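Structure assessment
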Amino acid sequence: ELPPINPDFYEISDRLNAADSALQLRVRQFMETEVKPLVNHYWLRDEFPFELIPKFGELGLAGITINGYGCPNRSFLMEGILAMEMARVDASIATFFGVQSGLAMGSIYSCGSDEQKQEWLPAMNKMEKIGAFGLTEPEVGSGAAGGLTTTCKQTADGWVLNGQKKWIGNATFADLIIIWARDLDDHQVKGFILRKDTPGFSVEKIKGKMALRIVQNGLITLTDCVVEEKDRLPHANSFKDTANVLRMTRAGVAWMAVGCAQGAYISALDYTRKRKQFGKPIASFQLIQNHLVEMLSNLTAMQTLVYRLSELQDAGKLKDEHASLAKVFCSLRTRDIVSQAREVMGGNGILLEHDVARFVADAEAIYSYEGTKEINTLIVGRAITGMSAFV
Ligand code: FAD
């Protein structure tokens, strides 16, 4: 009788109360029964499983930390657990959900008016409306803080937006897209809720992605799009307000990396206990055990780190550098874990049907989005030295 496969070696789940544990198990079950059977099919085809949207709506977990507006008002720890549970099955689905729940709903919740929250958040919680978050541009990625070239200008008819946004997750089918643009008058970054039917808005699907293939990323073009003043986010007055949203979602991405690593570890351990070479399970070989234990060590370090990260967040003490350090550490370690998982599976490690190849590819996108390793490193570097090394 082999011991059960347990990716939560230090039993972080023990720290959850009964209601949170029950929710964790519910999400795990949902991901295993509703999502897992679909992901390889859609990943291969570079398509999104739209049939899942109403099911996610029934779960009612989007905007999980939001207080009011039909949202669950649960802890940041629970938001992290949710990201981990989703990514453990599929990082694309976790990303789709993170864009909706963290980036889009989070922007409206932290920068929007009460009317905007009333209009969008309850419907987004039920997934009746889908959101996207448009910050990155074709020529401006890491340097978004000072470099945005998408512009906005206030006129008698409303705000006129011009520019392009690249990589925008969910943008090809979103009902609303949060657009970050520089005001031609005061030169500050402002945020807007752009409705999908706005004249002058167009979006093209980015094809040929080799990671997170289920996520539909778009290249957006805005040509003299007019957005009414009521759709400007009134509490988004500079890039600092954008960064406040990103600090929260970066913590979620660190948890997502943990989930991706967990998924790979579970598959690898299971495989190596079953696969036989030289007449014995390969898990009985010392060199294979070395890989497995290294994977588990990194995974356990990541889990304890993100648990404390969420405690800080729940205590209202999360700083940019806390979120950045966790994002860098976890996305780096995840890259190692998924590659060791692939290694111990031999040739089968590159077959989609064994899942690990998908985790390997997806870890690359997690590594680069929401701030690359370099950018998040520089955020921590600036905090500990008091010196900015960005330029
Ligand atoms: P660049 O900024 O061009 O960077 C290239 C390299 O140069 C990186 O290694 C970077 O770290 C390094 N570099 C840059 N500046 C410095 C410096 N000062 N010092 C040292 N090294 C530096 N964006 C959105 O707005 N919304 C989304 O929904 C969204 N979803 C995404 C989904 C996916 C799958 C991907 C891949 C990206 C997504 N992005 C999204 C964009 C993402 O946030 C950017 O890709 C990321 O910020 C990096 O920007 P870049 O790709 O333009 O790389």
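This text follows the structure it describes.
The structure reproduced in this document is the subject of the present report. (Residues numbered from 1 in each chain as written. Predicted model: local features only at pLDDT ≥ 70, side-chain atom pairs only at ≥ 80, totals over all residues. Heavy atoms only, no water.)

Here's the deal with the overall build of the chain
Quick reminder of the rule: Each helix corresponds to a stretch of at least 4 residues labelled H or I by DSSP, and each strand to a stretch of at least 2 residues labelled E; elements are numbered beginning at the N terminus. Radius of gyration means the value over C-alpha atoms here, while the globule rule gives 2.2 Å times the residue count to the 0.38 power. Residue exposure (1.4 Å probe, protein chains only): buried if accessible area is under 20% of the type maximum, exposed if over 50%, otherwise partly exposed. Whether two residues touch is decided by their heavy atoms; if any such pair falls within 4.5 Å, the residues are in contact. What sets the accessible areas is the Shrake-Rupley method with a 1.4 Å probe; for residues, cover comes only from the shown protein chains.
Within the chain, the secondary structure is distributed over eleven helices and eleven strands. Over its C-alpha trace the chain gives a radius of gyration of 21 Å, about what one expects of a compact globule, namely 21 Å for 391 residues. When the backbone C-alpha atoms are referred to their principal axes, the chain occupies close to 80 × 50 × 40 Å. Buried positions account for 55% of the 391 residues belonging to the chain. Contacts in the chain between residues far apart in sequence, at least 24 positions, make up 76% of those at least 6 positions apart. Surface accessibility of the chain: about 16900 Å² in total, with carbon and sulfur atoms responsible for 54%.

Considerations on the packing of helix α7 (residues 239-274) against helix α9 (residues 320-344)
Two measures define how a pair of helices packs: the angle their axes make with one another and the distance between the axes. Convention followed: Each axis is a line fitted through C-alpha atoms, and for a helix only the stretch in contact is used; angles between axes span 0 to 180 degrees, taken between their N-to-C directions. An angle below 35 degrees is read as roughly parallel, one above 145 as roughly antiparallel, one from 65 to 115 as roughly perpendicular, and any other as oblique. Each crossing gets its handedness from the near helix: less than a right angle anticlockwise from the far helix is left-handed, clockwise is right-handed. Just so you know the grouping, Ala, Val, Leu, Ile, Met, Phe, Trp, Tyr, Cys and Pro go in nonpolar, Asp, Glu, Lys and Arg go in charged, and all remaining residues, Gly too, go in polar.
Where α7 contacts α9, the axes come no closer than 8 Å and their chain directions differ by 20°. Classified by the angle between their axes, α7 and α9 sit roughly parallel to one another. As for the relative orientation of α7 and α9, their crossing is left-handed in sense. Grouping the amino acids of the contact of α7 with α9 by side-chain chemistry returns 18 nonpolar, four polar and four charged.

Quick look at the site of the ligand
The following threshold applies: A molecule or strand has a residue near it when one of that residue's heavy atoms lies within 4 Å. Under the rule applied, a polar contact is a pair of N or O atoms within 3.5 Å (in protein, one hydrogen donor and one hydrogen acceptor; residues adjacent in sequence only if both atoms are side-chain atoms).
Neighbouring residues of the ligand: 18 residues in total, closest F133, T136, S142, T372 and E374. In the environment of the ligand, an oxygen atom lies 3.0 Å from a nitrogen or oxygen atom belonging to the backbone of G169. Separating an oxygen atom of the ligand from a side-chain N or O atom of E374 is a distance of 2.6 Å. Protein burial of the ligand: of its 970 Å² of free accessible surface, 66% is covered by the chains. Taken together, the elements giving at least two residues each to the shell around the ligand come down to β5 (158-169) and α11 (373-385). Considered class by class, the residues forming the shell around the ligand number nine nonpolar, seven polar and two charged.

Some remarks on the environment of A326
You can see A326 is positioned in helix α9. With a relative accessible area of 2%, A326 lands in the buried category. For the pair A326 and F56, spaced 270 residues apart in sequence, the C-alpha to C-alpha distance is 27 Å. Residues contacting A326, with those up to four places away along its chain left out, are A254, L305 and L309.

A word on the nonpolar core
The test is simple: The definition of a nonpolar core used throughout is a set of buried Ala, Val, Leu, Ile, Met, Phe, Trp, Tyr and Cys residues joined through side-chain atoms within 4.5 Å.
By size, the foremost hydrophobic cluster in this structure holds 106 residues, and its most contacted members are M31, V35, F56, F96, F97 and W180. Here this core gets 17 residues from one element, more than from any other, and that element is α7. Membership of the second largest hydrophobic core comes to 17 residues, among which are W159, F201, C225 and V227.

Some details on the environment of L296
Checked against the element boundaries, L296 lands in helix α8 (residues 286-314). Ignoring anything within four residues of it in the chain, the contact list for L296 reads N6, P7, F9 and Y265.

Side note on the packing of aromatic side chains
The condition that has to hold: Stacked, tilted and edge-to-face are the three classes applied to pairs of Phe, Tyr and Trp rings, where Trp contributes its six-membered ring and a pair requires centres within 6.5 Å; stacked means planes under 30 degrees apart, edge-to-face means over 60, and tilted covers the rest.
Enumeration over the complete set of coordinates arrives at twelve aromatic pairs. Note on F56 and F96: the rings are 6.1 Å apart at their centroids and 65° apart in plane angle, and the pair reads as edge-to-face. Of this pair, F56 sits in helix α2 (residues 52-59) while F96 is found in helix α4 (residues 91-111), placing the two residues 40 residues apart along the sequence. Judged by its relative accessible area of 1%, F56 is buried.

Things to note about the pattern of salt bridges
As a reminder of what qualifies: The rule for a salt bridge is simple: a side-chain nitrogen of Lys or Arg has to be within 4 Å of a carboxyl oxygen of Asp or Glu.
For the structure on display, the rule yields 20 salt bridges. Of the charged contacts, one joins K205 and D46 as a salt bridge, the two residues approaching to 4.0 Å between their closest N and O atoms. Here K205 is found in strand β8 (residues 201-205), whereas its partner D46 is found in the loop between α1 (18-45) and α2, with 159 residues between them in sequence. The exposure class of K205 is partly exposed, given its relative accessible area of 29%. Here D270 makes a salt bridge to K274, at a shortest N to O gap of 2.9 Å. Of this pair, D270 and K274 both sit in helix α7, four residues apart, roughly one helical turn. Residue K274 is classed as exposed on the basis of its relative accessible area, which comes to 59%. Residues participating in the shared-partner salt-bridge network are E119, R195, K230 and D231.

Quick look at the pairing of strand β6 (residues 176-183)
Rules: At least two DSSP bridges between two strands are needed for those strands to be called paired.
Taking burial as the measure, the eight residues of β6 include eight buried ones, the bulk of the element. As judged from the four bridges shared by strand β3 (residues 131-134) and β6, these two strands associate in the parallel manner. If you follow A132 over to β6, its bridge partner there is I177. Sheet topology places strand β4 (residues 151-155) next to β6; two bridges connect them, and they run parallel. When the bridges of β6 are listed, T151 appears paired with R182. Bridge count for β6 against strand β7 (residues 189-195) is seven bridges, and the pairing is antiparallel. Looking at β7, one finds that I177 is bridged to L194. Connecting β6 to the next strand, β7, in antiparallel fashion are five residues, including H187 with a positive phi near 65°.

These results come straight from atomic positions and should not be treated as a statement about function.
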